[in-house]
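Close look at the chain arrangement
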Amino acid sequence: MIGLISATAAGARARERVAAAWPDRTRVYEGPVGDAIRRAFAECEQLVCFLATGAVVRLVAPLLEDKASDPGIVCVDEGARFAVSLVGGHEGGANELAQAVGELLGAQPVVTTATDAVGLPGLDTLGFPVEGDVAAVTRALLDGEPVALDPEVPWPLPPLPLSPTGQYTIRVSDRLAEPSAHEVVLRPPSLVIGVGASKGAPVDEVLENIKGALRDAGLSAQSVAELATVDAKADEPGLVEAAARLGVPLLTYSAEELAAVAVPNPSDAPLAAVGTPSVAEAAALARGGELLVPKRKSTGRPEKPGQPPLPAMATCAVVRHPSRGRLAVVGLGPGARDLLTPRAKDELRRASVLVGLDQYVDQIRGLLRPGTRILESGLGAEEERARTAVAEARLGHAVALIGSGDAGVYAMASPALAEASDDIDVVGVPGVTAALAAGAILGAPLGHDHVSISLSDLHTPWEIIERRVRAAAEADIVVTFYNPRSRGRDWQLPKALALLAAHRKPTTPVGVVRNASRPDESSRLTTLAELDPATVDMMTVVTVGNTATREIAGRMVTPRGYRWQEEPQ
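Heads up: these notes are all about the structure in this document. (Residues numbered from 1 in each chain as written. Predicted model: local features only at pLDDT ≥ 70, side-chain atom pairs only at ≥ 80, totals over all residues. Heavy atoms only, no water.)

**Details of the pattern of salt bridges**
Quick reminder of the rule: We define a salt bridge as a side-chain nitrogen of Lys or Arg found within 4 Å of a carboxyl oxygen belonging to Asp or Glu. Runs of E in the DSSP output that reach at least two residues are strands. Runs of H or I that reach at least four are helices, and both are numbered from the N terminus. Residue burial is assigned from relative accessible area. The probe radius is 1.4 Å, only protein chains are included, and a residue is buried under 20% of its type maximum, exposed over 50%, and partly exposed in between.
Tallied over the entire structure, the rule returns 24 salt bridges. Put simply, R15 and E30 hold a salt bridge, and the shortest N to O gap is 3.6 Å. Of this pair, R15 sits in helix α1 (residues 9–21) while E30 sits in the loop between β2 (26–28) and α2 (33–43), and the two are 15 residues apart along the sequence. Looking at R15, the relative accessible area reads 7%, which means it is buried. Across the pair E392 and R373 runs a salt bridge whose closest N-O atoms are separated by 2.7 Å. Taken together, the residues E392 in helix α14 (residues 382–394) and R373 in strand β18 (residues 373–377) connect sequence positions 19 residues apart. Where salt bridges share partners, they join R15, E16 and E30 into one cluster.

The following block contains the structure:
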């Protein structure tokens with residue numbers, strides 16, 4: 001919950017805007033400011049104070065205890081010009097909150113955390129448990145001192161300016177070992193624990209068995225990603241509570257799925273009970289990996305002191321799940337920075353490897369974090385870029401493959417996904433297409449059914465392109481032509497226009513937009529009869545209306561077909 005506190009009418013107006021935008025996330029605290037801050041500090045994970053930073057500093061100073069538990073605090077000035085991350089930038093999420101409040105109010109977010117100020121991800125914000133001398137290693141990164149990476153367990157990381165060797169080290173490990181001096185250990189979620197249990201197995205017995213298995217194998221409990229079992233045990237209280245105490249999900253598989261997993265220690269007992277010869281080992285290995293701890297039985301507890309122990313009621317097995325590289329296919333939009341989506345920006349900053357066309361890399365180079373490895377190439381190397389991106393992801397990296405517009409529309413998603421198999425994670429990030437950007441400039445030409453057709457026959461034979469244009473013409477669909485004309489292809493656009501003209505009036509509106517959303521953007525509205533193909537090039541999008549499209553007040557509009565829009569007969 002986010003506590004909202006204000007003292008003046010201007011502050012209250014900004015406060016109400018935030019409360020209205022986030023009704024389920026915020027709580028307004030009324031009354032004297034000091035009392036309101038104290039109550040919000042005790043009850044909320046974050047605070048937004050519409051007060052001077054000096055006043056908030058004095059009020060919260062006596063309340064601060066530990067940065068790991070204190071709420072994140074953001075200050076917004078009276079004029080709602082700035083949203084200042086004051087306390088808990090990383091642990092309390094104040095840096096992100098300042099960004100979000102700034103976007104909501106049109107205020108400038110102010111973040112002074114050292115790593116954020118220079119574009120470095122904080123080592124304590126990577127999503128992994130972290131141990132060791134975080135401050136010293138972070139300071140070394142900020143000062144440009146050599147920091148080495150020791151990936152005992154390869155895992156996708158965001159970009160960091162690392163060196164082959166150095167006095168400081170970032171170790172990625174699920175092994176139970178104390179960090180050495182000048183070292184940070186990141187604990188990746190690499191361990192899967194398969195668990196089995198008899199009906200009524202006590203949670204303490206389940207947990208003791210798990211912790212004993214990890215301890216004896218020298219593995220860190222902080223790297224446990226999930227517990228896994230057979231679906232017949234999905235509601236077994238001891239397993240459900242064990243997962244809750246470890247803070248991980250409990251995944252389940254059907255008996256048929258587990259019976260198909262090869263295990264070293266099958267047994268007749270689970271086969272008779274739940275229909276699979278293995279629960280713990282099979283559940284741990286269900287998604288592959290390395291078996292680190294074979295099936296291990298718990299130590300049964302005596303019913304009463306002095307009595308012999310009861311039979312074991314729980315089993316577990318530990319598997320190191322292989323890391324999976326991550327490929328984000330990112331659409332950059334038509335070119336304008338403000339049409340690049342926040343999700344695309346996040347993926348660009350998350351990727352340790354960026355793959356893209358050189359001119360697209362130049363568009364977003366300033367958004368990349370220090371340490372990002374850039375693999376760029378020129379026009380005509382689309383398939384090579386796709387193969388490179390997939391290969392880097394298969395090596396365990398976090399990769400962003402960029403394309404203009406939407407990466408799935410005449411761009412990089414298709415060749416990349418044709419190369420990718422299920423051994424990597426793939427994320428698609430949509431972008432604003434050239435057709436949409438051009439449509440917004442022209443008016444509303446895409447208000448009804450529409451189609452996009454590329455006139456480039458580099459990858460598609462002209463016979464197929466012509467058949468598609470003819471079909472769109474006969475179906476009376478608005479058509480947007482991509483790649484309409486180049487120096488070496490000057491006849492395709494006139495041919496396509498002639499096919500449309502056989503089914504549409506010469507006065508049909510046609511919109512021509514060049515470099516949509518870029519500084520040298522230009523646009524004009526003409527007709528099917530008057531369009532001169534010689535004025536069109538590869539940077540242009542041509543949108544041809546259907547029989548209902550009209551020019552209204554200088555704008556190109558295709559009505560949606562409501563009855564009240566029909567012209568009188």
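Having seen the structure, we can now continue with the description.
**Some thoughts on the nonpolar core**
Basically, it comes down to this: Working definition of a nonpolar core: buried Ala, Val, Leu, Ile, Met, Phe, Trp, Tyr and Cys residues. They are joined through side-chain atoms within 4.5 Å. The contact criterion used is simple: two residues touch if any of their non-hydrogen atoms lie within 4.5 Å.
Grouped together as the largest cluster of nonpolar side chains are 22 residues, with contacts concentrated most on I193, V195, V206, I210, L214, L227 and V318. Only β11 (191–197), α7 (203–217), β12 (224–230), α8 (237–246) and β15 (314–320) provide two or more residues apiece to this core. When sequence neighbours within four positions are dropped, the list of residues in contact with L227 reads I193, V195, I210, L239, A242, A243, L246, V248, P249, L250 and L251. A473, A496, V536 and V542 belong to the second largest nonpolar core, which has 21 residues in total.

**Quick look at the pairing of strand β9 (residues 168–172)**
Just so we agree on the cut-off: In short, DSSP must find at least two bridges between two strands for them to pair.
Where burial is concerned, most of β9 is hidden: 5 out of the 5 residues are buried. The side-chain alternation of β9 yields two buried faces, one formed by Y168, I170 and V172 and the other by T169 and R171. Bridging between β9 and strand β10 (residues 183–186) involves 4 bridges; their strand directions are parallel. Each residue of the ladder has a partner; that of I170, found in β10, is V184.

**Some remarks on the sheet that holds β15**
Note the cut-off: Between N-to-C directions, angles span 0 to 180 degrees; the directions come from axes that are lines fitted to C-alpha atoms, helices contributing only their stretch in contact.
Sheet architecture is open: 5 strands sit in the order β13-β12-β11-β15-β14, paired in mixed fashion. Only two strands of the sheet have a single neighbouring strand rather than two, namely β13 (250–253) and β14 (290–297). Recorded for the sheet is a direction-independent mean angle of 25 degrees between the axes of neighbouring strands. Sheet analysis places β12 next to β13, joined by 4 bridges and oriented parallel.

**Observations concerning the pairing of β15**
Counted residue by residue, β15 has 7 buried out of 7 residues, so it is predominantly covered. As defined by bridge partners, β14 adjoins β15 across 5 bridges and the pair is classed as antiparallel. Within β15, the position partnered with R296 by the bridge is C316.

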